[in-house]
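# A look at the structure
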Amino acid sequence: MENKHQVPVTVLTGFLGAGKTTLLNRILTEQHGQKYAVIVNEFGEQGIDNDLVVDADEEVFEMNNGCICCTVRGDLIRILSGLMKRADKLDAIIVETTGLADPAPVAQTFFVDQDVANKTKLDAIVTVADAVHLSSQIEDHHEAEEQIAFGDVILLNKIDLVKDEVIDVVTKRIRKINPFAKIIKTTKCGAPLKEILNLDAFSLKRILEVEPDFLDSDHDHEHDDDITSLSFVSNTPLNMEKFQDWFGKLLQTKGQDILRTKGILDFKDQNDRYVFQGVHMLMDASPMGKWPEGKERSSRLVFIGRNLESMNLKEGFENCKSA
Amino acid sequence: MTADVNQFPALDKTKFEQRGIEFKLGIPVTTAVSVGNSIAVGFGDGSVRIFTSGQSSDAIKAHKGIVLCMSKDGNHILTGGDDGRFLKISLDGVVKEIGNFGTRWVDNVTANNGSLVCSSGKIVYLWSPNNKEPKLFEHNSTVGGIAFDTKGKRLAVSRYDGVTLWKKDYTKKWVSSNLIWKGSHNKVSFSPDGKYLVTSMQENAIRCWRLKDKIDFAMSGYDRKIKSFAFVGETSYLATSGALGMGVAAAICWPFDGEGPMGRQPTCISYTGNNEVTVVEPFPSENAIFAGLSDGSVFLSEIENKNNTIIIRSFTGSEVSAIAVTDDSSSILIGDMNGNILWTSIWDK
C-alpha cells in the first residue's frame, strides 16, 4: 500500500461581512513558513510569498446516487485533483465559501469522490461570525444559522465592538445550535493560525476527545432557533442490529433535516468502541479500539438539525438498548 | 471476468525496458502528446520537455505551477496551466502566450483548423487565425471538457447537466443546442464517425448520445470514476478505465461499429493485481490499447484477441499518468506520478 499522505482542507465559511476576507488576508500575508493553496470566489488579491490563489465558482450539483440531499461541489473535485499533481506538496488547502453558502456540499464532496478522499482530507469547518450582527442574521437568514451549525471552530469576531453581556448572549445562542464547536473570541480574526488550521476535526479519533458543551439547565426560550441540537447518553449497551436499523432509516428519511451527527457507541458483546460522524445522509464510521480500562462504557450521540423534536429521537434511541 | 485474466511471471525488467531509456525526474508527469516523432511531456512543476529518439530536451519553463492540459497544433503544442495561461510552444522551446486568465485555471486546450481553443471557468475561448480577439462561448457552469468532431465542424462542451453542442449555421454564426443529462460531465469526445458523443461522469458511468436522434443512454457498472477513455481502431471501440474487482483491474471496451453500443456487451480486458487502470491510450491504426495501471505497469492488448497481451513496463509503484505513441507508431513514452519516464521502441528490431 502506498503511504497515504492526505493534505488537510479547511473550509472557511461565515456570513457576509463577518471577517472572512480579513482572515484570508492574514493567511496569505503572514510569515508562517507553510505552503497553502486558497480556493476563493472572486477574490481581488494575489497570493504573497509562496501561497497560491485559485479562483473557483461555487458550483454544486446533485449526485445521481439516489440520495436526495447529496449535493457536492464539482469545481472543488476538479481543483483538488489538479492541486494533487503539483511537484511541491502543499501543507494545507483553504476553501472559502461565499457568505450565503450552505457548507454541506463542500463537506459532502469529501465523502463522495474517491480521489479527493484518498489524497486530501476535510480538516475542519471554520465559521467566522460577527458578534455585532450574528443574532439578527440568524433570525433573518437560514444560511447564517447553518454555518454556525456546521462549524467545528467558530471565530466570534468583532468582540471589540460589543459589550461583554452581548458576547455572553451570542455565545449562548451559538452553543444552543452547536454544542461541540470550539468558540474563539477575536477582534480582526486575530486568532493564531494553529488554532484554525490543521485541527483534524473530522477524524474519528478526534470525536473521542470532544465533549459537547451543553447548557443543561439554562434553557432560555427567548429565541426560538430553527436549528437546535440534542444529545443522548446511555450506560446500557446498545443492540447493534437495532441501532443500525433505526439510525439507517433515520438518515434515509430525515437526512435533509439532520445537518451533523457525531457519536461514540457501546454495543453489547463488542470489545471495540464504535465512533461515527455524519453530514446529512453521508456517514463515516469505524471501530476505534478497545474501551479504556477502568473507565465506564457508555454511548453518546449528538444531533444538530431542524425539527429534531419531531423525529422521536429519544424513543428511537431508547429502543436500541439491549434487553 | 476471472476466466481470462492475463497473468505474467514476475519480471525484473521487460524487454521494452531493457532496450528503452529511463529517466528519473522526480516531478509528476501530468500529460504527454506526440508531435511527429517527438513527444511533449508536461509536468507538475509547470515545465515541459520534448523527447525525441530517447533524448530529453532541457526543461522549458512554461507555467508557474502545473501543466494541466496539452494538445497538438501542427508542429507546436498548446498547454494550459494553473497560472491561468494558455500557451503555444514550439518544439525548440519558444513559448508564446495566447491568453491569460489570472487566478482562473486553463483546464482544456485544443486546436481546430488553425484556430486555438481553450476553456477557463465557464467560458470556451476560440482564437481564429485572423482575429486578435477570441470568440467567447459561455456556459452556465464550469467547462469539464471540450472536443471537436473529426471534420472540425462541431464543438462539444461538457458541463453540469449535459453537453452544449456548438456549430455554425448557414450565416456562419455559431449556434448551440443542448444534450441534457443531470449531473457533472467531465471529459467529452465524438466517436470517430461523428455519430455519437460520449462523456465521462462523476458517477462512475459514461453517458452516450446518438446524435441523429439525440437518444441517450448510460454505460455503467464501473467501480470507479472513469479517468481516461479513448476511441480505438478502425472498427472503433471506446476503451475506458474505471473497472476493478477482487484482485483484478480491467479496461472495458465498448463496440461502436454497426448499430453502436446500445444493448451490446463490452469486451473486458483484465489485469491481475490490486490496481486500477488509470490511463488508456490507443495504439494508432491497430485494434489495440495500451493500459497504464496505478502500480506503474503498462500492458498492450488487442481488443478482439485479448489473450494477445504483452507487458511493456513492469511495476514501479507509482500511478501511470500519461502514455503517448509517436506518430509513426515506432516508439512509446510512459510517465508516472513520481516522474519516472520510459521511452522505448515498440517493435523488435
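### Description of a positive patch on the surface
Residue and element names in this part refer to chain B. A surface patch of like charges, here positive, comprises Lys 151, Lys 153, Lys 168 and Lys 172. Within the secondary structure, Lys 172 sits in the loop between β16 (154-168) and β17 (174-190). Residue class for Lys 172 comes out exposed when judged on its relative accessible area of 66%.

### Overview of the confidence of the model for chain A
Averaged over all residues, the pLDDT of chain A is 86; the fraction at 70 or higher stands at 89%. Counted against residues more than four places away or in other chains, residues 214-222 of chain A, with its pLDDT under 50, gives nine contacts.

### Description of the sheet that holds strand β13 (residues 282-290) of chain A
Residues and elements named next belong to chain A. Spatially, the five strands line up as an open sheet ordered β10-β14-β11-β12-β13, and their pairing is antiparallel. Each edge of the sheet is formed by a strand with only one pairing partner; in this case those strands are β10 (227-234) and β13. Strand-to-strand twist in this sheet, taken as the mean axis angle between neighbours without regard to direction, amounts to 10°. Pairing geometry for strand β11 (residues 258-265) and strand β12 (residues 272-279), over six bridges, is antiparallel. Looking at the pairing, Leu 265 lines up with Tyr 274 of β12.

### Quick word on helix α7 (residues 164-177) of chain A
Residue and element names in this part refer to chain A. Across its 14 residues, α7 extends 20 Å between first and last C-alpha, which sits within 8% of the 20 Å expected from 1.5 Å per residue. Buried within α7 are the following residues: Ile 167, Val 170, Thr 171, Arg 173, Ile 174, Arg 175 and Ile 177. Buried residues along α7 sit against α5 (134-140), α6 (142-150), β8 (153-157), β9 (182-185), β10 and β14 (299-306).

### Description of the state of the cysteines
A covalent bond between the sulfur atoms of two cysteines is what we call a disulfide. Residue and element names in this part refer to chain B. As enumerated under the stated definition, the model contains zero disulfides over all chains in all. Cysteine Cys 118 shares no disulfide, and the gap to the nearest cysteine sulfur, in Cys 69, comes to 8.1 Å. A relative accessible area of 0% places Cys 118 in the buried class. Left without a disulfide partner, Cys 268 is nearest to the cysteine sulfur of Cys 253, which lies 8.5 Å away.

### Description of the side chain of Ser 120 of chain B
Residue and element names in this part refer to chain B. Among the structural elements, Ser 120 can be located in strand β12 (residues 115-120). Given the relative accessible area of 2%, Ser 120 is considered buried. In terms of polar contacts, Ser 120 uses its side chain to reach the backbone carbonyl oxygen of Trp 105, at 2.8 Å. With residues up to four places along the chain from it excluded, the contact list for Ser 120 reads Phe 101, Arg 104, Trp 105, Val 106 and Tyr 125.

### Observations concerning the packing of aromatic side chains
Across all of its chains, the model carries 24 aromatic pairs over all chains by this definition. Centre to centre, the rings of Trp 246 of chain A and Phe 317 of chain A are 6.4 Å apart; their planes meet at 50°, and the pair counts as tilted. Taken together, the positions of Trp 246 of chain A in helix α9 (residues 240-254) and Phe 317 of chain A in helix α10 (residues 313-319) put the pair 71 residues apart, joining distant regions of the chain. For the pair Trp 246 of chain A and Phe 317 of chain A, a shared accessibility class is recorded, and that class is buried. Here Tyr 271 of chain B and Phe 299 of chain B contribute two aromatic rings whose centre-to-centre distance is 4.5 Å and whose plane-to-plane angle is 25°, an arrangement assigned as stacked. One end of the pair, Tyr 271 of chain B, is in strand β24 (residues 267-272); the other, Phe 299 of chain B, is in strand β27 (residues 298-302), with 28 residues separating them in the sequence. Among the aromatic residues, those joined into a cluster by ring pairs are Phe 232, Phe 243, Trp 246, Phe 247, Phe 267, Tyr 274, Phe 276, Phe 303 and Phe 317 of chain A. A cation over an aromatic ring shows up here: Lys 187 of chain B above the ring of Phe 229 of chain B, its NZ or CZ 4.4 Å from the ring centre. Its guanidinium or amino end placed over the ring of Trp 181 of chain B, Arg 207 of chain B lies 3.4 Å from that ring's centre, counting from NZ or CZ.

### So, the interface of chain B and chain A
One frequently used descriptor of interface size is the decrease in accessible area upon assembly of the parts. Taken together, the contact pairs 30 residues of chain B with 29 residues of chain A. Summed over both sides, the interface between chain B and chain A buries roughly 2500 Å², with carbon and sulfur atoms accounting for 49% of that surface. When the buried area of chain B at its contact with chain A is split by residue, Thr 103, Trp 105 and Tyr 160 of chain B rank highest and sum to 25% of it. The interface formed by chain B and chain A holds eight salt bridges in total. Two residues, Asp 107 of chain B and Arg 78 of chain A, come together in a salt bridge whose shortest N-O distance is 2.7 Å. Summed over the shared surface of chain B and chain A, the number is eleven residue pairs in polar contact (both at pLDDT 80 or more). Of the residues contributing to the side of chain B that touches chain A, the split by class is nine nonpolar, ten polar and eleven charged.

### Quick notes on the environment of Met 219 of chain B
Residues and elements named next belong to chain B. Position of Met 219 relative to the elements: it lies in strand β20 (residues 215-219). With 35 residues separating them along the chain, Met 219 and Trp 254 place their C-alpha atoms 8.7 Å apart. In contact with Met 219, not counting residues within four places along its chain, are Ala 205, Ile 206, Cys 208, Leu 238, Trp 254, Phe 256 and Pro 261.

### Details of a negative patch on the surface
Residues and elements named next belong to chain B. Taken together, the side chains of Glu 234, Glu 286, Glu 302 and Glu 304 make up a negatively charged region of the molecular surface. Mapped onto the elements of the fold, Glu 304 is located in the loop between β27 and β28 (309-313). On the basis of relative accessibility, which here comes to 52%, the residue Glu 304 falls in the exposed class.

### A short note on the environment of Leu 12 of chain A
Residues and elements named next belong to chain A. Its location among the elements puts Leu 12 in strand β1 (residues 7-14). In this structure Leu 12 comes out as buried when scored by relative accessible area, which is 2%. Residues Leu 12 and Val 126, spaced 114 residues apart in sequence, show a C-alpha to C-alpha distance of 5.0 Å. Leaving out residues up to four positions away in the same chain, Leu 12 has contacts with Lys 20, Leu 23, Leu 24, Ile 94, Val 95, Glu 96, Thr 97, Val 126 and Val 128.

### Let's talk about the side chain of Thr 127 of chain A
Counting through the fold element by element, Thr 127 of chain A comes out in strand β7 (residues 120-130). Overall, the relative accessible area of 1% leaves Thr 127 of chain A in the buried class.

### A word on the pattern of salt bridges
The final tally for this structure, using the stated rule, is 39 salt bridges over all chains. Close ionic contact of Arg 104 of chain B with Asp 57 of chain A constitutes a salt bridge, the shortest N to O distance being 2.9 Å. Here Arg 104 of chain B, found in the loop between β10 (95-100) and β11 (108-112), pairs with Asp 57 of chain A, found in the loop between β3 (52-55) and β4 (60-62), and the two come from separate chains. Grouping residues by exposure puts Arg 104 of chain B and Asp 57 of chain A together as buried. Between Lys 225 of chain B and Asp 113 of chain A there is a salt bridge, and its shortest N-O distance comes to 2.7 Å. You can see Lys 225 of chain B sitting in the loop between β20 and β21 (229-232) and its partner Asp 113 of chain A sitting in the loop between α3 (104-112) and α4 (114-119), one on each of two chains.

Rules and cut-offs
Along each chain, the written sequence defines residue order, and numbers are assigned to residues from 1. Each chain takes a letter, starting from A, and each ligand takes a number, starting from 1, following the order in which they are written. The model is predicted, so local features are restricted to residues of pLDDT at least 70 and side-chain atom pairs to those at 80 or more, both for listing and for counting; the totals for chains, interfaces and linings are taken over all residues. Water and hydrogen atoms were dropped before computing side-chain values, which therefore reflect all heavy atoms in the structure. In this scheme, patches are assembled from residues that exceed 30% relative accessible area and form no salt bridge. Like charges are connected within 9 Å, while nonpolar side chains (Val, Leu, Ile, Met, Phe, Trp, Tyr) are connected within 5 Å. Under the convention used here, a 1.4 Å probe and the Shrake-Rupley method define accessible areas, while residue burial counts only the protein chains that appear. Salt bridges, as used here, are contacts in which a Lys or Arg side-chain nitrogen is within 4 Å of a carboxyl oxygen on Asp or Glu. None of His or the chain ends enter the tally, which takes Lys and Arg as positive and Asp and Glu as negative. Each charge is placed at NZ for Lys, CZ for Arg, CG for Asp and CD for Glu. Helix and strand assignments follow DSSP, with helices taken as H or I runs no shorter than four residues and strands as E runs no shorter than two, numbered in order from the N terminus. Exposure classes here rest on a 1.4 Å probe applied to the protein chains alone. A residue is buried below 20% of its type maximum, exposed above 50%, and partly exposed in between. Think of pLDDT as the predictor's per-residue confidence, scored from 0 to 100. We call two residues in contact when some of their heavy atoms are within 4.5 Å. Following DSSP output, two strands are said to pair if at least two bridges run between them. Axis definition: a line fitted to C-alpha atoms, limited for helices to the stretch in contact. Angles are taken between N-to-C directions and run from 0 to 180 degrees. Here the expected length of a helix is defined as 1.5 Å per residue gap, with one fewer gap than residues. Disulfide assignment relies on a single distance test, namely cysteine sulfur atoms paired within 2.5 Å. Here a polar contact is recorded for every N or O atom pair within 3.5 Å, except that within protein the pair must consist of a potential hydrogen donor and a potential acceptor, and residues adjacent in sequence are included only if both atoms are side-chain atoms. Pairing of aromatic rings covers Phe, Tyr and Trp, the last through its six-membered ring, and needs centres within 6.5 Å; plane angles under 30 degrees mean stacked, over 60 mean edge-to-face, and all others mean tilted. In this analysis the charged atom, NZ for Lys or CZ for Arg, is taken to sit over a ring once it is within 6 Å of the ring centre and within 35 degrees of the ring normal. In short, buried area is how much 1.4 Å probe accessible area vanishes from two parts on joining, totalled over both. Gly counts as polar in this scheme, as do all residues outside two lists: the nonpolar Ala, Val, Leu, Ile, Met, Phe, Trp, Tyr, Cys and Pro, and the charged Asp, Glu, Lys and Arg.

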